[in-house]
Amino acid sequence: MIKLENVTKVYKGENVALRDATLGIDKGEFVFLVGASGSGKSTFIRLLNREEVPEHGTIYVAGKDIGTLGRWKVPYLRRNIGYIFQDFKLLPNKTVAENVAFALEVIGKPRHVIKKQVPAILELVGLSEKIANFPSELSGGEQQRVSIARAFVNRPLILLADEPTGNLDPQTSVGIMRLLDRINRTGTTVVMATHDQGIVDTMRRRVIELDRGVIVRDQARGVYE
Amino acid sequence: MAISPVYALRETGQNLWRNFMLSMATVITIGVSLWLFGGFFLFNYAVDNATQRWEGGIEFVVWMNPEATSEQNANILDAIMTSPEIQDYTFVDQDAAYEEFKDIFSDTPELVEVVTPEVMPPSYRVVPVDPDADVVAELAGQFEGRPGVKTVVSANDTIRDIQDLADEVSTVFLAGSLVLLAAATLLILTNIVSAIRNRGREIEIMKVVGATNWFIRIPFMLEGIMQALLGAVFAWGGLYVIDQRVIGRFSQPDSLELMAGFQVESDELIFTGGLVLGIALAVSVIGSSIAVTRYLDT
């Protein structure tokens, strides 16, 4: 599903964010990216979404070399990749349903599809009762569920999550992880950057550890350290 | 998948509403600049129509009696052709005079109806070698009172003054409108940049979920186009007022004889309206294109 071959990303000032990274992630895998702040986790995720382009190396997503994609094809790549933010990034002037529908609306999905898919995904994330609420009326955990619903409503092949539990308390984080695990069981590949040792140690999934841009560990059913 | 018109219009409407004050300032600036621009054209049309018989260096017109004999006509023609002080002339026969009359008074059909080519006086429109007013007056005087001549009319200093004034006023109108159009373009650009910044999070989400560049850009471009179209409507209203209340006043029967024909034909009015619309669209497309390509990094 995802393949990196000798990928290097350097920011201005010779700051190496990812150095000569080579790895593969299969369809349906759940992968934790761990490492200290500045180790390259977010860059890794941004490269998969083509928000960044590597200086060297090749990245394949769903069999396609995304480095050679024309600018106009990038949006179509992103329709196969859901993205979950640490700070949710919900639109405050839209309701829960409208926030989720927005993701379908802006890729041109017809209204009847939106009407069908939005309630279904909100039921999946356990927010059927909050459909008409605004983000300011929700708890942090509920807001993150809306964010997950928005990322998954188009049924992407891959879900990228950048510290999705970073702003949540441990108990709420467990709920979010259960939800991501449930989504993963539908066959969706999940790549999640995290600092949360408890979650990584509890779930025992594949762990890729980065240190100053270098992959220093790639362990199946791994732990945080 | 194509952008839904409902979505595009809703987003455009929301953008306009969120930036209401700036949008209104933009619409008014576009309207005033287009009004001035269109006013420049209408004023020029009106002056051209009023002074068309005096264009091309023609300084005086020898009007013949419609009943003048061919011998009388031949004598006048001979005098014009042999005069060393006359550089050129044009003979306007009765049919051509009638056409010109119909043209000038096209907005007064009741007047045109009672006139026929037979009652129209033919004329010689004379271009003297020296356009000096005294020379022209002396030369025109040579034809006054000759057999077959009804009257001789000179392009007096007043008409020349009107033409000069019209040129200056037009230049000021044009310069002012161009400056305002540039300001309007910048205002559209600023307005859209402001809208882009206000909607930073929405744009970020749109990019992440896979909205195409055009899907993101179109509502912003439509915003600029809508402002320009509203400005054009505002300008049309202003041009209608110029045509009916200002130019129309001069062409009324009780106005100065000198201003006879100072009017704008309906096809000229339509052309000016279309031009104003075209300029509005051009200004909006330029302003909004710069905004979305420079400030909307998709």
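These numbers come from a predicted model, not from an experiment.

Student: Just to check I follow, could you spell out the overall build of chain A for this structure?
Tutor: Within chain A one finds 7 helices and 10 strands. In chain A, which comprises 225 residues, the share counted as buried stands at 53%. Sequence-distant contacts, at least 24 apart, represent 70% of the contacts inside chain A between residues at least 6 apart. Looking at chain A as shown, the accessible area adds up to about 10,200 Å², and 47% of this sits on carbon and sulfur atoms.

Student: Any chance you could explain the packing of aromatic side chains here in plain terms?
Tutor: Aromatic ring pairs are reported here in terms of the distance separating the ring centres and the angle at which the planes meet. Under the counting rule described, the total for this entry stands at 9 aromatic pairs over all chains. Arranged with centres 4.9 Å apart and planes meeting at 40°, the rings of A:Tyr83 and A:Phe85 form a pair that is tilted. For the pair shown, A:Tyr83 and A:Phe85 are each scored as buried. Judged by centre distance (6.4 Å) and plane angle (15°), the rings of B:Phe43 and B:Phe173 are stacked. Taken together, the residues span a long stretch of sequence, with B:Phe43 in helix α2 (residues 20–51) and B:Phe173 in helix α7 (residues 157–198) at a distance of 130 residues. According to the relative accessible area criterion, B:Phe43 is partly exposed, its value standing at 23%.

Student: Can you help me understand the sheet that holds strand β7 (residues 158–162) of chain A in this one?
Tutor: Strands in a sheet are paired, the pairing made by backbone hydrogen bonds, and the direction either parallel or antiparallel. Residue and element names in this part refer to chain A. As summarised here, the arrangement of the 6 strands in space is β6-β7-β8-β3-β9-β10, forming an open sheet in which the pairing is mixed. With one partner strand each, in any of the chains shown, β6 (81–84) and β10 (214–219) form the two edges of the open sheet. With strand direction ignored, the average angle separating the axes of adjacent strands in the sheet is 15°. As defined by bridge partners, β6 adjoins β7 across 4 bridges and the pair is classed as parallel. Note on β7: the bridge partner recorded for Gly-82 is Leu-159. Set on the sheet, helix α5 (residues 140–152) makes contact with β6 and β7; between it and β6 the angle comes to about 165°. Across the face of the sheet, helix α6 (residues 170–184) comes into contact with β3 (30–34), β6, β7 and β8 (189–193) while running at roughly 135° to β3.

Student: Honestly, the side chain of A:Asn49 in this entry has me stumped. Any pointers?
Tutor: Here A:Asn49 lies in the loop between α1 (41–48) and β4 (56–61). In this structure A:Asn49 touches A:Leu77, A:Arg78, A:Ile81, A:Tyr83 and A:Leu160, once residues within four positions along its chain are discounted.

Student: What's the story with the pattern of salt bridges in this structure? I'm lost.
Tutor: Pairing is possible between side chains that carry opposite charge, provided their charged atoms lie close to one another. In this structure the tally under the stated criterion is 19 salt bridges over all chains. Ionic pairing is found between A:Lys9 and A:Glu52, a salt bridge with its closest N-O pair at 3.5 Å. A residue pair is termed long-range when its members are at least 10 positions apart, and A:Lys9 in strand β1 (residues 2–11) and A:Glu52 in the loop between α1 and β4 qualify at 43 residues. For the salt bridge of B:Arg10 with A:Glu105, the shortest nitrogen-to-oxygen distance reads 3.1 Å. Remark: A:Glu105 occurs in helix α3 (residues 96–105) and B:Arg10 occurs in helix α1 (residues 5–18); the pair is interchain, linking two chains. Under the relative-accessibility criterion, B:Arg10 is labelled partly exposed at 32%.

Student: When you look at the sheet that holds strand β1 (residues 60–64) of chain B in this model, what are you seeing that I'm missing?
Tutor: Residue and element names in this part refer to chain B. Taken in spatial order, the 4 strands of this open sheet run β2-β3-β1-β4, and their pairing is antiparallel. Two strands close off the open sheet at either side, each with one partner strand: β2 (86–92) and β4 (149–154). Along the sheet, successive strands turn relative to each other by an average axial angle of 20°, direction set aside. For β1 and β4, the ladder comprises 5 bridges, and the chain directions are antiparallel. Residue pairing in the sheet places Met-64 in a bridge with Val-149 of β4. Running over the sheet, helix α3 (residues 70–82) touches β1, β2, β3 (123–128) and β4 and is turned about 10° from β3.

Student: How do you make sense of the packing of α3(A) against helix α4 (residues 111–124) of chain A when you look at a structure like this?
Tutor: For any two helices packed against each other, one specifies the crossing angle of their axes together with the interaxial distance. Residue and element names in this part refer to chain A. With their axes 10 Å apart at the nearest point, α3 and α4 run at an angle of 125° to one another. Considering the angle they form, α3 stands oblique to α4. The two elements α3 and α4 meet at a crossing, and its hand is right-handed. Where α3 abuts α4, its residues Val-96, Ala-97, Val-100, Ala-101, Leu-104 and Glu-105 lie against Ile-114, Gln-117, Val-118, Ile-121 and Leu-122. Residues belonging to the contact of α3 with α4 are distributed by class as follows: 9 nonpolar, 1 polar and 1 charged.

Student: Please clarify how the interface of chain A and chain B should be interpreted in this entry.
Tutor: Taken together, the 20 residues of chain A in the interface contact 19 residues of chain B. Taken together, the two surfaces of chain A and chain B that pack against each other cover about 2,000 Å², and 57% of this comes from carbon and sulfur. On the surface where chain A and chain B come into contact, there are 4 residue pairs in polar contact (both at pLDDT 80 or more). When contributions to the side of chain A that touches chain B are tallied by element, the ones reaching two or more residues are α2 (74–78), β6 and α3 of chain A. The residue makeup of the side of chain A that touches chain B, split by class, is 11 nonpolar, 2 polar and 7 charged.

Student: Sorry if this is basic, but what is going on with the pairing of strand β2 (residues 15–25) of chain A here?
Tutor: In the case of a regular strand, side chains alternate between the two sheet surfaces. Residues and elements named next belong to chain A. Where β1 meets β2, 7 bridges bridge the pair, whose relative direction is antiparallel. Paired with Lys-3 across the strands is Gly-24, a residue of β2. Counted between consecutive antiparallel strands, the loop separating β1 from β2 contains 3 residues, among which Gly-13 sits at a positive phi close to 85°.

Student: How should I be thinking about a nonpolar patch on the surface in this particular structure?
Tutor: Residues and elements named next belong to chain B. Among the surface-exposed residues, Trp-17, Phe-20, Met-21, Met-24, Ile-28 and Phe-234 lie close enough to one another that they form a single nonpolar patch of about 690 Å² accessible area. A per-element tally of the nonpolar patch places α2 first, with 4 residues. Tracing the backbone through its elements, the reader meets Ile-28 in helix α2.

Calculation notes
Residue positions are counted from 1 within each chain, in the order its sequence is given. Chain letters and ligand numbers both follow the written order, the letters beginning at A and the numbers at 1. A pLDDT threshold of at least 70 governs which residues receive local features in this predicted model, and a stricter bar of 80 or more applies before side-chain atom pairs are shown or counted, although totals over entire chains, interfaces and linings include all residues. Based on all heavy atoms of the structure, the side-chain values leave hydrogens and waters out of the count. A helix here means a DSSP run of H or I that spans at least four residues, while a strand means a run of E at least two residues long, and both kinds are numbered starting from the N terminus. Each residue is placed in one exposure class: buried if its accessible area under a 1.4 Å probe, protein chains only, is under 20% of its type's maximum, exposed if it is over 50%, and partly exposed if it falls in between. Contacts are residue-level and defined by heavy atoms, with any inter-residue pair within 4.5 Å sufficient. In this description, accessible areas are obtained by the Shrake-Rupley approach with a 1.4 Å probe, and a residue is regarded as covered only by the protein chains that are shown. Pairing of aromatic side chains requires ring centres within 6.5 Å, counting the rings of Phe and Tyr and the six-membered ring of Trp. Pairs whose planes differ by under 30 degrees are stacked, by over 60 edge-to-face, and all others tilted. Any two strands with at least two DSSP bridges between them are considered paired. Only the stretch in contact is used when fitting a helix axis, every axis being a line fitted to C-alpha atoms; angles between N-to-C directions are given from 0 to 180 degrees. Should a side-chain nitrogen of Lys or Arg be within 4 Å of a carboxyl oxygen of Asp or Glu, the pair is scored as a salt bridge. Between 65 and 115 degrees an angle is taken as roughly perpendicular, under 35 as roughly parallel, over 145 as roughly antiparallel, and anywhere else as oblique. We call a crossing left-handed when the near helix sits turned anticlockwise from the far one by less than a right angle, and right-handed when that turn is clockwise. In this classification, the charged set is Asp, Glu, Lys and Arg, the nonpolar set is Ala, Val, Leu, Ile, Met, Phe, Trp, Tyr, Cys and Pro, and all remaining amino acids, among them Gly, are polar. Summed over both partners, buried area is the accessible surface (1.4 Å probe) that two parts give up on being assembled. A 3.5 Å cut-off defines polar contacts: any pair of N or O atoms within that distance qualifies, except that in protein one atom must be a possible hydrogen donor and the other a possible acceptor, and neighbouring residues in sequence count only when both atoms are side-chain atoms. Only residues whose relative accessible area exceeds 30% and that form no salt bridge are eligible for patches; like-charged ones are grouped when within 9 Å, while nonpolar side chains (Val, Leu, Ile, Met, Phe, Trp, Tyr) are grouped when within 5 Å.

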